[in-house]
Amino acid sequence: MIRKAVFPIAGAGTRFLPATKAIPKEMLPVVDKPLIQYAVEEAYQAGIRQMIFITNHRKQSVADHFDPAVAPTDQYAQILRAITPDDMVCTWVRQPQPLGLGHAVLCAEPLVGTEPFAVLLADELMPDQPGITARMMQQFDQHASSLVAVQPVPREHSQRYGMIRGTPLTTDLISLQDIVEKPTPEDAPSDLAVVGRYLFTPAIFRALEHLPPGAGGEIQLTDAIARLLRQEAVLAYQYQGARYDCGSKLGFLQATVALGQQHPELGTDFTHWLHAQPSSPTIS
């Protein structure tokens, strides 16, 4: 059973400067919730109760956000309790140097121990219900193998992602054969990209140990998954739902518009306003 989720949030967020000069990227709000809260809620809805944040000295506001708070009035008490339910435990680990995603995951080993665990990248906002983490955990329960979430992307975008090659097992499940970090379009093994959700057996820590720097001079999680493939089976779960790459400004704006239209209080009025704008494109 997967009980722990790791959230690597030590990145600098330079693509969102100047907004991220003083505010962590993970605290930028999509409508009325910061990005990191969407990811934590996804893990919580999947049954995970121990949240492990890999952070740095600039992310104190993230810790403050998840601190239990006393509401000024009863009107807000339910909203604040939903951020940090009584049965949820948050722990924080400092990544001493910005050595990459693989190194960030390795920093979680003392708290994860010998259990399987989830990794969620808050940049990737996947609002479908049931959440993708819950769906992947159902597959883990059946196969007891590490899983990565994948989705087709245009080949010209391959240099932004880890790209995979594999053999289909079912409509949604692929047996992984190869994974490459940020290949050129001509070298990409397929059009399937890893999209920020992972379930790992603890063997990933052995694969990360002593791993040399890869693309960008960083310890790449993708390279560790390639090592893990030599020891045990790894599966890819093909996600069919909506995904917003909120690590880019365009994806962040798309998420804001899409979730704004779905908001239970504001959605109808916001959608009417969008369609009333004379220069607005057709919005589905």
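Structure: above.
This one's a predicted model, so the numbers in the text were calculated from it and none came from an experiment.

Asker: Kindly report on helix H6 (residues 132–143), identifying the contributing residues and their values.
Answerer: The end-to-end C-alpha separation of H6 is 17 Å, in line with the 16 Å expected for 12 residues at 1.5 Å each. Those residues of H6 that fall on the buried side of the exposure criterion are Ile 132, Thr 133, Arg 135, Met 136, Met 137, Gln 139 and Phe 140. Lining the buried residues of H6 we find helix H1 (35–45), strand S6 (117–120), strand S8 (146–152), strand S10 (173–181), strand S11 (192–200) and strand S12 (234–238). Once H6 finishes, Ala 144 follows within two positions and takes phi at roughly 55°, a positive value.

Asker: Can you explain the environment of Pro 127? Please cite residues and give values.
Answerer: Relative to the helices and strands, Pro 127 resides in the loop between strand S7 (124–125) and H6. Once the C-alpha coordinates of Pro 127 and Ala 258 are considered, the two residues, 131 residues apart in sequence, prove to be 9.9 Å apart. If we ignore the near neighbours within four places in the chain, the residues touching Pro 127 are Tyr 239, Ala 242, Tyr 244 and Leu 259.

Asker: Give me the state of the cysteines: which residues, what numbers.
Answerer: A disulfide bridge is the covalent bond that connects two cysteines by way of their sulfur atoms. Tallied over the full model, the rule gives zero disulfides. With no disulfide of its own, Cys 90 has Cys 107 as its nearest cysteine by sulfur position, at a separation of 18 Å. Judged by relative accessible area, which is 21%, Cys 90 ranks as partly exposed.

Asker: Residue-level account of the pattern of salt bridges, with values.
Answerer: In this structure the tally under the stated criterion is 11 salt bridges. Across the pair Glu 42 and Arg 197 runs a salt bridge whose closest N-O atoms are separated by 2.8 Å. Residue Glu 42 is located in helix H1, and its partner Arg 197 is located in strand S11; the two are separated by 155 residues in the primary sequence. You'll find Glu 42 and Arg 197 in the same group, each marked buried. In this structure, the salt-bridge partner of Glu 109 is Arg 206, at a minimum N-O distance of 2.6 Å. Of this pair, Glu 109 sits in helix H5 (residues 109–112) while Arg 206 sits in helix H7 (residues 203–208); the two residues are 97 residues apart in sequence, bridging distant segments of the chain. Note on Arg 206: relative accessible area 40%, which makes it partly exposed.

What counts as what
Residues numbered from 1 in each chain as written. Predicted model: local features only at pLDDT ≥ 70, side-chain atom pairs only at ≥ 80, totals over all residues. Heavy atoms only, no water. Helix = DSSP H or I, 4+ residues; strand = E, 2+ residues; numbered from the N terminus. Expected span 1.5 Å × (residues − 1). Buried < 20%, exposed > 50% of the residue type's maximum accessible area, 1.4 Å probe, protein only. Contact = heavy atoms within 4.5 Å. Disulfide = S-S within 2.5 Å. Salt bridge = Lys/Arg side-chain N within 4 Å of Asp/Glu carboxyl O.

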